[in-house]
Amino acid sequence: MAIITDITKQKRNSERYNIYIDYEYAFSLSGELLIEYNLKKNSEIDEEEITELVWKENTKKAYDMTLNYLKYRMRSQKEIEEYLIIKGFDLDTIEEVLEKLGKYDFVNDELFAEAMTRDLLSTKLVGRRYIVHKLRQKGIDEGIIDSAVAQIDDEAEFQRACQLAEEQFNRCREAPSIKDEQRIARLMARRGFAWYMIN
């Protein structure tokens, strides 16, 4: 058994505490875990408890960072995984965080795919292929992608294609040339419209 010889509040973050064991710095904890485990100066602590505390603290840190990451917009599971890997968290911690987030629907690829599809359709003149490509980039499962783009109305997509073509043709100073038509066709293809619509 080791002895907690000191507990000091961090200067830069008053909600975190440095734990000293046998007069040497051992690890830091949130005030929340400090209270939960009732840690005090001169308390005994064993290796198993230390390992558990460090694991819980690491998981809490990863969870809090992810909540902050989700403040700005919804994220796919793949985006969250990549974010936490970049931040240096191990796969077990990431799995624990994703499981906790999933309980509260903070990470839900189906809802994410539906929301992203709606956003893209309302802000850009794009076709379903563009949306499929963007969802794949976010690591969304093919089955979920199929469900999301199945909601796209064919007639509405054709109208968006017509609007994009009209905008581009109106930019031509003179009568559109074959080169203009080819340029516009390539742009429409990049925007995810099928060739039969472009034609």
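Whatever comes next refers back to the structure up there.
We now turn to the structure provided with this report. (Residues numbered from 1 in each chain as written. Predicted model: local features only at pLDDT ≥ 70, side-chain atom pairs only at ≥ 80, totals over all residues. Heavy atoms only, no water.)

1. Considerations on the pairing of strand E2 (residues 16–21)
Burial within E2 is extensive, with 5 of its 6 residues counted as buried. Between strand E1 (residues 2–9) and E2, which follow one another and run antiparallel, lie 6 residues. Direction of pairing for E2 relative to strand E3 (residues 24–30): antiparallel, over a ladder of 6 bridges. Residue pairing in the sheet places Ile21 in a bridge with Glu24 of E3. (Buried < 20%, exposed > 50% of the residue type's maximum accessible area, 1.4 Å probe, protein only. Helix = DSSP H or I, 4+ residues; strand = E, 2+ residues; numbered from the N terminus. Pairing = 2+ DSSP bridges.)

2. Some details on the side chain of Ser28
In this fold, Ser28 is placed in strand E3. You can call Ser28 buried: its relative accessible area is 17%. Reaching out from Ser28, the side chain makes a polar contact with the side chain of Arg16 at a distance of 2.8 Å. Those residues in contact with Ser28 that lie beyond four places of it in its chain are Gln10, Arg16, Tyr17, Asn18 and Glu57. (Polar contact = N/O pair within 3.5 Å; in protein donor to acceptor, adjacent residues only side chain to side chain. Contact = heavy atoms within 4.5 Å.)

3. Considerations on the nonpolar core
In terms of nonpolar packing, the biggest core is built from 15 residues, with Ala113, Leu120, Ile131, Leu135 and Ile140 touching the most fellow members. Among the secondary structure elements, those contributing two or more residues to this core are helix H5 (109–123), helix H6 (128–137) and helix H7 (142–149). Those residues within four positions of Ile131 in sequence are excluded, and the remaining contacts are Thr117, Leu120, Leu121, Val126, Val149 and Ile152. (Core = buried A, V, L, I, M, F, W, Y, C linked by side-chain atoms within 4.5 Å.)

4. Comments concerning helix H8 (residues 154–170)
Its 17 residues place the ends of H8 24 Å apart at the C-alpha level, agreeing with the 24 Å of an ideal helix rising 1.5 Å per residue. Those residues of H8 that fall on the buried side of the exposure criterion are Glu157, Arg160, Ala161, Leu164, Ala165 and Gln168. The buried side chains of H8 occupy one side of the element, clustering within an arc of 135 degrees when seen end-on. In H8, the exposed positions angled more than 90 degrees off the buried face are occupied by Glu166 and Asn170. (Expected span 1.5 Å × (residues − 1). Arc of directions from axis to C-beta.)

5. Notes on a negative patch on the surface
On the surface, Asp90, Asp92, Glu95, Glu96 and Glu99 cluster together into a negatively charged patch. Position of Asp92 relative to the elements: it lies in helix H4 (residues 91–103). For Asp92, a relative accessible area of 52% corresponds to the exposed category. (Patch = residues over 30% accessible without salt bridge, like charges linked within 9 Å, V, L, I, M, F, W, Y side chains within 5 Å. Areas by Shrake-Rupley, 256 points an atom, 1.4 Å probe, with all protein chains shown as cover. Salt bridge = Lys/Arg side-chain N within 4 Å of Asp/Glu carboxyl O. Lys, Arg positive; Asp, Glu negative; His and termini not counted. Charge placed at Lys NZ, Arg CZ, Asp CG, Glu CD.)

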